[in-house]
Protein chains: 2
Amino acid sequence: MAGIDRSLVRALPLFNKLSDSELDDLLAQASLRRFAVGEAVFEQGAAATHFFLLLHGRLKVTQVTADGQQIIVRVVHPGDIFGFAKALQRQDYPGTPTAAAESVVICWPTEVWDLFVEKNPHLAVNAMRTIGERLQEAHTRIREMATEEVERRVAHAVLRLIKQAGKIESAGIRIDFPISRQDIAEMTGTTLHTVSRILSAWETKGLVQGGRQKLLVRDATALRLLAEGSAD
Amino acid sequence: MAGIDRSLVRALPLFNKLSDSELDDLLAQASLRRFAVGEAVFEQGAAATHFFLLLHGRLKVTQVTADGQQIIVRVVHPGDIFGFAKALQRQDYPGTPTAAAESVVICWPTEVWDLFVEKNPHLAVNAMRTIGERLQEAHTRIREMATEEVERRVAHAVLRLIKQAGKIESAGIRIDFPISRQDIAEMTGTTLHTVSRILSAWETKGLVQGGRQKLLVRDATALRLLAEGSAD
DNA sequence: CGGTTGTTTGAATCCCGTCAACTGACGTGG
DNA sequence: CCACGTCAGTTGACGGGATTCAAACAACCG
């Protein structure tokens, strides 16, 4: 392991209170791994031996039910830490993160988490906030699934995606990684057929522009109106 | 404030690593409050000034949507801490905890959370685990709402309730606080009408026994089968 | 004993999932 | 470079589970 260059992570808010030498200490414990599209970083239910930071790419975290149905729990974006089950006193990973695009990940053994935290309490606070945000996100999704009809849920999901992974283009905002109708269906608790119908309808209304594993939002404001459920 | 007696909380796992004097120090900062049925401990969106521990009773945590629909995010049971938004770096409370039964709550100002944690790192670890569990619970619910039909979701909700608030009686396991069909509907993302129909059907099959704000599970095993979605 | 709150049940409606068939894009190998 | 298999997406028809609308009933409370 030739050591990970500090510059790769220096800009991350997670580390902005660390000195260069402290950061180097942490990186000395870490290793870098690369994942091709479709590869999993780890498997749901496996023993939690490492925790991770996504440097580059995009991961879809899925859970499968006993009867084989799959849902996407969340999407991991560059700069996010994930798989820190041990910090939550869990022995195994709750989901499976799969590379939606070519991805690069930093891995630390779970044993160094304590050191990780001790070196800089700021990291612990940060981790706490991260989990808090995720919990709130989860509650938001529960509320949406409970009270909103499919079209609004899809609208919310798409808005969330362009917020977290939106790349501005001349024609609108593009979701900056390959995403299928099936993926959106698994994020919103519906079927790819229904998602396809909805996106087609939006396309004829000029709200979005689709494509194979592609989605471009042309009118985010109108989408937002739809999501907030104002009159149709 | 006459001081809170140590014996009230001594048995809680949360505090089992604290010495009597440390515990007394913490309790000296706290105050005790009592809530009648229907009263709210705090309101969704209000500034987070305190965090809490439920000593006795039962709280339903609700969130309301912009258009006035309500869902029950979770139920707080005796011994649970809640409202520690500040620990997650949040300025306001995400939901409203309402007393479903006469309840007694210990309150600490948020400022003492740091002291709280510093006194015993074990508390921080414990809090982390608690949040981790809640996050996992939330994901489980999302998965259920996404993939399961209503009857199974209701079955899961009822099973969760008897696990967390079940009192064994000769005829079966009773949910030990007043809970309405409406409540169950808000926990499962459906309507009270549908819940009523489902519970009626279960009653004729001998699985449960209903009543006004009451529910007794007579055959938990059969319910579990239903929830796991084995043949119908 | 009215009024309020919670529950039950029926009938009509409709959203959405399922089933099914087809189209188009991509890439790989001959 | 074209043929073919695979994968992603589209679209229609149909059925059913769940919501909605509506009305009556039962339990609790002051």
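Bear in mind the structure is a predicted one, so any value in this text is a computation, not a measurement.

J.: What am I meant to see in the overall build of chain A here?
T.: The helix and strand inventory of chain A stands at 7 helices and 9 strands. Compactness check: chain A gives a C-alpha radius of gyration of 19 Å against a globular reference of 17 Å for 232 residues, within 12% of the reference. Its C-alpha atoms put chain A at 55 × 45 × 30 Å along the principal axes. By residue count, 50% of the 232 residues in chain A fall in the buried class. By sequence separation, contacts in chain A at least 24 residues apart represent 69% of the contacts at least 6 residues apart.

J.: How should the interface of chain B and chain A be read in this particular structure?
T.: It is common to give the size of an interface as the accessible area lost on bringing the parts into contact. Each partner contributes residues to the interface: chain B has 28 residues there, and chain A has 28 residues. Taken as a group, Met128, Ile142 and Arg143 of chain B account for 20% of the area that chain B buries against chain A, more than any other trio of residues on that side. At the junction of chain B and chain A, the tally comes to 0 salt bridges. Inspection of the region where chain B meets chain A yields 6 residue pairs in polar contact (both at pLDDT 80 or more). At the level of secondary structure, the elements contributing two or more residues to the side of chain B that touches chain A comprise strand 3 (70-76) and helix 3 (121-147) of chain B. Take the side of chain B that touches chain A: its biggest share by element is 17 residues, from helix 3 of chain B. Tallied by class, the residues present in the side of chain B that touches chain A amount to 13 nonpolar, 9 polar and 6 charged.

J.: Can you walk me through helix 3 of chain B in this structure?
T.: Three- or four-residue spacings in an α-helix give side chains the same orientation, since the helix completes a turn every 3.6 residues. Between its terminal C-alpha atoms helix 3 of chain B stretches 39 Å, which fits the 39 Å expected from 27 residues at 1.5 Å a residue. A large share of helix 3 of chain B lies buried, amounting to 19 of its 27 residues.

J.: Would you mind showing me how to read the environment of Ala36 of chain A here?
T.: Looking at where Ala36 of chain A falls in the secondary structure, it is placed in the loop between strand 1 (31-35) and strand 2 (50-64). Discounting residues that sit within four places of it in the chain, Ala36 of chain A has contacts with Ala99 and Glu102 of chain A.

J.: In this structure, what is going on with the layout of surface pockets? I would like to understand it.
T.: Empty space among the atoms becomes apparent when a probe as large as a water molecule is rolled across them. Looking at the largest pocket, its volume works out to about 810 Å³. Taken together, 24 residues make up the lining of the largest pocket; nearest its centre are Val117, Ala124 and Met128 of chain A together with Val117 and Ala124 of chain B. Taken together, the elements giving at least two residues each to the lining of the largest pocket come down to helix 2 (112-119) and helix 3 (121-147) of chain A together with helix 2 (112-119) and helix 3 of chain B. For the lining of the largest pocket, the per-class residue count stands at 14 nonpolar, 4 polar and 6 charged.

J.: Is there a simple way to think about the UniProt feature "domain: Cyclic nucleotide-binding" (unreviewed entry) in chain A in this case?
T.: The sites that UniProt annotates as "domain: Cyclic nucleotide-binding" (unreviewed entry) are residues 14-108 of chain A. A helix fraction of 9% and a strand fraction of 44% characterise residues 14-108 of chain A, whose end C-alpha atoms lie 15 Å from each other.

J.: Hey, could you run me through the relation of the copies chain B and chain A in this one?
T.: Taken together, a rotation about one axis and a shift along it account for how the two chain copies relate. With an RMSD of 0.0 Å, chain B superimposes on chain A once it is rotated by 180° and translated 0.0 Å along the axis. Such values leave the two copies arranged in the relation of a two-fold axis. Comparing contact sets, 96% of the residues at the interface of chain B also lie at the interface in chain A, consistent with an isologous, same-surface contact.

J.: Sorry if this is basic, but what is going on with the packing of helix 5 (residues 181-188) of chain B against helix 6 (residues 192-204) of chain B here?
T.: The geometry of a pair of packed helices is captured by two quantities: the angle between their axes and the separation between those axes. All names here are of chain B. Look at helix 5 against helix 6: their axes get within 8 Å of each other, and the N-to-C directions meet at 110°. Our classification of the angle between helix 5 and helix 6 gives roughly perpendicular. Seen from helix 5, the contacting residues are Arg181, Gln182, Ile184 and Ala185; seen from helix 6, they are Leu192, Val195, Ser196 and Leu199. The class makeup of the residues in the contact of helix 5 with helix 6 is 5 nonpolar, 2 polar and 1 charged.

J.: Sorry if this is basic, but what is going on with the protein's contact with DNA strand C here?
T.: Near DNA strand C lie 19 residues; those nearest to it are Val150, Thr190, Thr194 and Arg197 of chain A together with Ser196 of chain B. Put simply, 58% of the atoms of DNA strand C that lie within 4 Å of the protein are in sugar or phosphate. The separation between a phosphate oxygen of DNA strand C and a polar side-chain atom of Ser200 of chain B is 3.1 Å. Taking Arg212 of chain B, its side chain carries an N or O atom lying 3.0 Å from a base oxygen of DNA strand C. Of all the secondary-structure elements, those providing two or more residues to the surface near DNA strand C are helix 6 (192-204) of chain A together with helix 6 of chain B. Considering only residue class, the surface near DNA strand C consists of 2 nonpolar, 11 polar and 6 charged.

J.: How do you make sense of the pairing of strand 2 (residues 50-64) of chain B when you look at a structure like this?
T.: Look at any regular strand and the pattern is simple: side chains alternate between the two faces of the sheet. All names here are of chain B. Extensive coverage of strand 2 is indicated by the burial of 12 of its 15 residues. Of the pairings in the sheet, the one linking strand 2 to strand 4 (residues 81-82) comprises 2 bridges and is antiparallel in character. Within strand 4, the residue paired with Phe52 across the bridge is Phe82. One ladder, built from 6 bridges, connects strand 2 with strand 3; its direction is antiparallel. The partner of Val61 across the bridge, within strand 3, is Arg74. Where strand 2 hands over to strand 3, the hairpin turn is made up of 5 residues, of which Gly68 adopts a positive phi near 90°.

Rules and cut-offs
- Counting restarts for each chain, with residues numbered from 1 along the sequence as it is written.
- Naming scheme: in the order in which they are written, chains are lettered from A and ligands are numbered from 1.
- Note on the predicted model: pLDDT of at least 70 is required for a residue's local features to be given, and 80 or more for side-chain atom pairs to be given and counted; whole-chain, interface and lining totals, by contrast, use all residues.
- Side-chain metrics rest on all non-hydrogen atoms present in the structure, leaving aside hydrogens and water.
- Helix and strand assignments come from DSSP, with helices taken as H or I runs of at least 4 residues and strands as E runs of at least 2, each series counted from the N terminus.
- With the radius of gyration taken over C-alpha atoms, the globule rule is written as 2.2 Å times the number of residues to the power 0.38.
- The cut-offs for exposure are 20% and 50% of the maximum accessible area for each residue type, with area from a 1.4 Å probe on protein chains only; residues under the lower value are buried, those over the upper are exposed, and the others partly exposed.
- Any two residues having at least one pair of non-hydrogen atoms within 4.5 Å are treated as being in contact.
- A quick way to say it: buried area is the sum, across both parts, of accessible area lost when two parts are put together, with a 1.4 Å probe.
- Salt bridge, as used here, is a side-chain nitrogen of Lys or Arg placed within 4 Å of a carboxyl oxygen of Asp or Glu.
- Throughout this description, a polar contact denotes any pair of N or O atoms lying within 3.5 Å of each other; where both atoms belong to protein, one of them has to be capable of donating a hydrogen while the other can accept it, and for residues adjacent in sequence the pair is counted only when both atoms sit in side chains.
- Residues are grouped as follows: Ala, Val, Leu, Ile, Met, Phe, Trp, Tyr, Cys and Pro are nonpolar; Asp, Glu, Lys and Arg are charged; every other residue, Gly included, is polar.
- Expected helix span is computed as 1.5 Å times (number of residues minus one).
- Within this scheme a cavity is a closed region of a 1 Å grid, computed over the protein atoms alone, that accommodates a 1.4 Å probe without allowing it to escape, whereas a pocket is open but has protein on both sides within 12 Å along at least five of seven lines; lining residues each have an atom within 4 Å of a point.
- Grid points are joined across faces, edges and corners, and a volume is the space filled by probe spheres set on the points.
- UniProt positions are given in the numbering used here, feature names are shortened, and annotations may be inferred rather than shown by experiment.
- We superpose the copies by least squares over the C-alpha atoms of residues that have a pLDDT of at least 70 in both of them.
- Orientation is described by axes fitted as lines to C-alpha atoms, over the contacting stretch for helices, and by angles from 0 to 180 degrees between their N-to-C directions.
- Should an angle lie under 35 degrees it is considered roughly parallel, over 145 roughly antiparallel, and from 65 to 115 roughly perpendicular; all remaining angles are considered oblique.
- Any residue with a heavy atom positioned within 4 Å of a molecule or strand is treated as near that molecule or strand.
- If DSSP finds at least two bridges between two strands, the strands pair.

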